[in-house]
Amino acid sequence: MPALLGPFGIWIVCAIVLAVMPVIFSSPVSVTIMNQMGISIVFALSYNMMLGQGGMLSFGHAVYFGLGGFFSVHVMNYIEVDGWPIPLPFLPFIGGLFGLAFAIIIGSFSTRRAGTVFAMISLGVGELIAACSIIFVVFFGGEEGVSGDRTMGPPVFGTEFLKEIEVYYLTAVIVFVAAALMYLFSLTPAGRMANAVRDNPERAEFVGYSQRQVRFMSFCASGFFAGIAGGLFAINYEILTEENLNLTTSGWVLLMAYIGGIGFFIGPIVGAVLLTLLQTVLSNHTELWLLYVGLLFVLTVMYVPSGLTGLMMMHGPAMKAGRLGQLAKPYMIAGIPLLVALAGGVAVLEMLNHYNNAPVGDNVAHFFWMAVDTHNPANWAVALAVTAIGAYTTYRATPQVREAWAEANDFSEKGGDR
Amino acid sequence: MSASALSLQGIRKDFGETQIIRGVDLEIPAGERHAIIGPNGAGKSTLFHLISGKYSKTGGRIGLNGEDVTTLEPYAIARKGLSRSFQITNIFPRMTVFENVRCGLLWSMGLKYAFWKLVGRQKDLNERTSEILEMIGLTDRQAIPAGVLTYAEQRTLEIGITIAGGANVIMLDEPTAGMSASETDQTVELIRRVTEGKTLVMVEHDMGVVFDLADRISVLVYGEIIATGKPEEIRNNKAVQEAYLGEAPEEETETVGGAH
Ligand SMILES: Nc1ncnc2c1ncn2[C@@H]1O[C@H](COP(=O)(O)OP(=O)(O)O)[C@@H](O)[C@H]1O
Ligand SMILES: [Mg+2]
């Protein structure tokens, strides 16, 4: 369908989706979650400018996000206290400029090498800035962080951003523009050479490009957009704390980009949406949600290194050949037992957690809309049996999936006239 | 000043204690097709790495079109009009064939590090890329990732990337290595065409190719050039025959020397 709308079709569709989302999901909670998604999308896309596009693995990307956010919230306070005439929609841009400034400083030495050296420097700088946040209390606000009030600026078209929905539309516009700019960056000479340097830094030098300079440019662009995400965060939450620039946040953005798929522009978007959902929705249902995210990450790294987007894209050729239908049955045969196994596994983990951590006398764990007595061995037996049977059946079904997969993607023999 | 396209003066390279290149002097005039031959391990690829800036020099001086490029980085040398290929295929495997060639063109077409211009909008750039693809015969493979090309196609692409930027000194390191006879013939024709009016320096083991293409030949043995001259001079050179060509200098189409 987007193809019918020409080269900008997909962007038009995205704009419409952004516009109607709060109409469909109109509860305040949903709007808050969608705002969080928007912030994460910009952050994860900016991260992937380095990792996926430029081949730089960073463990300290939250530095630019957090610093962008801190400066934004300080500017917000200047707007409030000193009456700086800056309308709120410009705040993320200011955050971006500070992200860029720090990326220029740190990138000037960290992009000299790629690979392990780059990764280690990013980790060191991340640690360093997080440590600074405890030392420079005036700027970082110590443990409470720094808070502000977004509504004190000059009104924009009559809005003062008191309502969550107004913030949503502001966020949506900035997310759209930032995503479009990041996409366009990948189509410029600097962006194309980032891919070239990622693929083969040596060869890039012999066609006239300094690999260091190419990495530096991606790094700066990435810092700029991370700062924009930080500015959006400041607008949405009106507070920044050390947590926003520490290594946990840096790890989180890596997870989003990687699980979504670093080899595709939309990969980080998929990852940001999914992980924000897990973070906001799943965390309401289970204490173990981070464990599940961790498992998802490990499984992605091990079995689908191209991420969820890669998994979807793998079906492109079969779909073009009209053979996607062939996969439905084997997917069901393997997928249903897999779901059973996963449900069983979750049950075991939840029971284990409850058994170990619940107060004495509380024997009943709640999950999957069930109440399960964790002190009854029979329940353990059932959970373990469900997991085992599910896992075994899945294991037995995989050859079938593999075969069906090979057949659906076999364009040389059976696909022809033979 | 009629400077040589490439001028090597007393080039030396040590790896630790080992002297690999032991004082190479060579003047290659503009427009010449120059072949460097020699047994395996003689230091031919090392010499290429020294000239193109990949390795630092232990001693000596390198001039490119009259300019001293001895201590320049590879990218700086490339910008001055020297472009090289590699003995082991060295391409951008995850990018498409089209993009590989385009990468070879970006700098020379003045696009540099621009982040405000879209490559898709650069009409000249894309036309030129298509022309080069046409010239190297990879037009119908242009949309696939370079990493999935056949070996011979990758070697051809390697040449395409090398010549794309219009450098006036082209260095090819064993461009036909591992190719079948017919692929070799095609590649030689390609090299002849794309280096028209340019200076070519190439390492080659196939004597048929060497005597066919080269205006002059240098023989490198143990990091030293033992002879430089026209093909017939080299063929009749006593020292060369002893050191390298063995006893069958007239069998020009054979691959001789320690080529394997
Ligand atoms: N980076 C290096 N470190 C140490 N020795 C090297 C290095 N590169 C090449 N050599 C040595 O230099 C010699 C010449 O190698 P090379 O230039 O590849 O020869 P050719 O291309 O003529 O076959 C070989 O003995 C090789 O082992
Ligand atoms: Mg060699």
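Not measured: the values here are computed from a predicted model. (Residues numbered from 1 in each chain as written. Chains lettered and ligands numbered in written order. Predicted model: local features only at pLDDT ≥ 70, side-chain atom pairs only at ≥ 80, totals over all residues. Heavy atoms only, no water.)

Chemist: Explain the overall build of chain A here, please?
Modeler: A tally of regular secondary structure across chain A gives 17 helices and 4 strands. Here chain A has a C-alpha radius of gyration of 24 Å; the compact-globule value for 418 residues is 22 Å, and the two agree. Its C-alpha atoms put chain A at 65 × 65 × 45 Å along the principal axes. Counting over 418 residues, chain A shows a buried share of 49%. (Helix = DSSP H or I, 4+ residues; strand = E, 2+ residues; numbered from the N terminus. Rg over C-alpha atoms; globule rule 2.2 N^0.38 Å. Buried < 20%, exposed > 50% of the residue type's maximum accessible area, 1.4 Å probe, protein only.)

Chemist: What's the story with the sheet that holds strand 6 (residues 82–84) of chain B in this structure? I'm lost.
Modeler: Strands in a sheet are paired, the pairing made by backbone hydrogen bonds, and the direction either parallel or antiparallel. Residues and elements named next belong to chain B. With mixed pairing, 6 strands are arranged side by side in an open sheet as 6-7-8-3-9-10. Edge positions in the open sheet fall to strand 6 and strand 10 (224–229), since each of these has one partner strand only. Going from strand to strand, the sheet's axes swing by 15 degrees on average, the running direction of each strand aside. As defined by bridge partners, strand 7 (residues 169–173) adjoins strand 8 (residues 199–203) across 5 bridges and the pair is classed as parallel. Note on strand 8: the bridge partner recorded for Ile170 is Leu200. Set on the sheet, helix 5 (residues 151–164) makes contact with strand 6 and strand 7; between it and strand 7 the angle comes to about 160 degrees. (Pairing = 2+ DSSP bridges. Axes fitted to C-alpha atoms, helices over the stretch in contact; angles between N-to-C directions. Contact = heavy atoms within 4.5 Å.)

Chemist: Teacher, can you tell me more about the confidence of the model for chain A here?
Modeler: Low pLDDT means the predicted coordinates in that region are not meant to be read closely. In the predicted model, chain A carries a mean pLDDT of 93, and 97% of its residues have values of at least 70. Counting interchain partners and residues more than four positions distant, the pLDDT-below-50 stretch residues 413–418 of chain A has 4 contacts. (pLDDT = per-residue confidence, 0-100.)

Chemist: How do you make sense of the domain arrangement of chain B when you look at a structure like this?
Modeler: Residue and element names in this part refer to chain B. For chain B, the assigned domains read domain 1 (1–81 + 169–180 + 201–260) and domain 2 (87–166). Domain 1 and domain 2 are separated by 27 Å when their C-alpha centres are compared. Contact residues are listed per partner, giving 11 residues for domain 1 and 10 residues for domain 2. Carbon and sulfur atoms supply 59% of the area that domain 1 and domain 2 bury against each other, a total of about 880 Å² over both sides. (Domains from an automatic or database assignment. Buried area = accessible area lost by both parts, 1.4 Å probe.)

Chemist: Even after reading the chapter, I still don't get the coordination of the magnesium ion (ligand 2), so can you show me in this structure?
Modeler: Six octahedral donors around a metal ideally subtend angles of 90 or 180 degrees, whereas four tetrahedral donors ideally subtend 109.5 degrees. Residues and elements named next belong to chain B. Each protein donor to the magnesium ion (ligand 2) is listed here as Ser45 (OG) and Gln87 (OE1); together their distances run 2.1 to 2.2 Å. Placement of the pair is Ser45 in helix 1 (residues 44–52) and Gln87 in the loop between strand 6 and helix 3 (97–106), with a sequence separation of 42 residues. By relative accessible area, Gln87 is classed as partly exposed at 32%. (Donors = N, O, S within 2.8 Å, 3.2 Å for Na, K, Ca; no water.)

Chemist: Which parts of the structure should I look at to understand the site of ligand 1?
Modeler: Residue and element names in this part refer to chain B. In the region of ligand 1, the neighbouring residues are Phe15, Ile20, Pro39, Asn40, Gly41, Ala42, Gly43, Lys44, Ser45, Thr46 and Tyr55. A distance of 2.8 Å separates an oxygen atom of ligand 1 from a polar backbone atom of Lys44. Side-chain polar atom of Thr46 to an oxygen atom of ligand 1: 2.5 Å apart, as the coordinates give it. A total of 560 Å² of accessible area belongs to ligand 1 in isolation, and the protein chains cover 60% of it. Among the elements that take part in the shell around ligand 1, helix 1 stands out by supplying 3 residues, more than any other. Residue classes in the shell around ligand 1 are distributed as 5 nonpolar, 5 polar and 1 charged. (Near = heavy atom within 4 Å. Polar contact = N/O pair within 3.5 Å; in protein donor to acceptor, adjacent residues only side chain to side chain. Areas by Shrake-Rupley, 256 points an atom, 1.4 Å probe, with all protein chains shown as cover. Nonpolar A, V, L, I, M, F, W, Y, C, P; charged D, E, K, R; others polar.)

Chemist: Just to check I follow, could you spell out the interface of chain B and chain A for this structure?
Modeler: When the parts come together, some accessible area is lost, and that loss is often what is quoted as the size of the interface. Tallying the contact residues gives 35 residues for chain B and 25 residues for chain A. If you look at where chain B meets chain A, you find 3 salt bridges. Put simply, Lys54 of chain B and Glu202 of chain A hold a salt bridge, and the shortest N to O gap is 2.4 Å. Secondary structure elements with two or more residues in the side of chain B that touches chain A: helix 2 (74–79), strand 6, helix 3 and helix 5 of chain B. Take the side of chain B that touches chain A: its biggest share by element is 5 residues, from helix 3 of chain B. When the residues that make up the side of chain B that touches chain A are grouped by side-chain class, the tally is 19 nonpolar, 6 polar and 10 charged. (Salt bridge = Lys/Arg side-chain N within 4 Å of Asp/Glu carboxyl O.)

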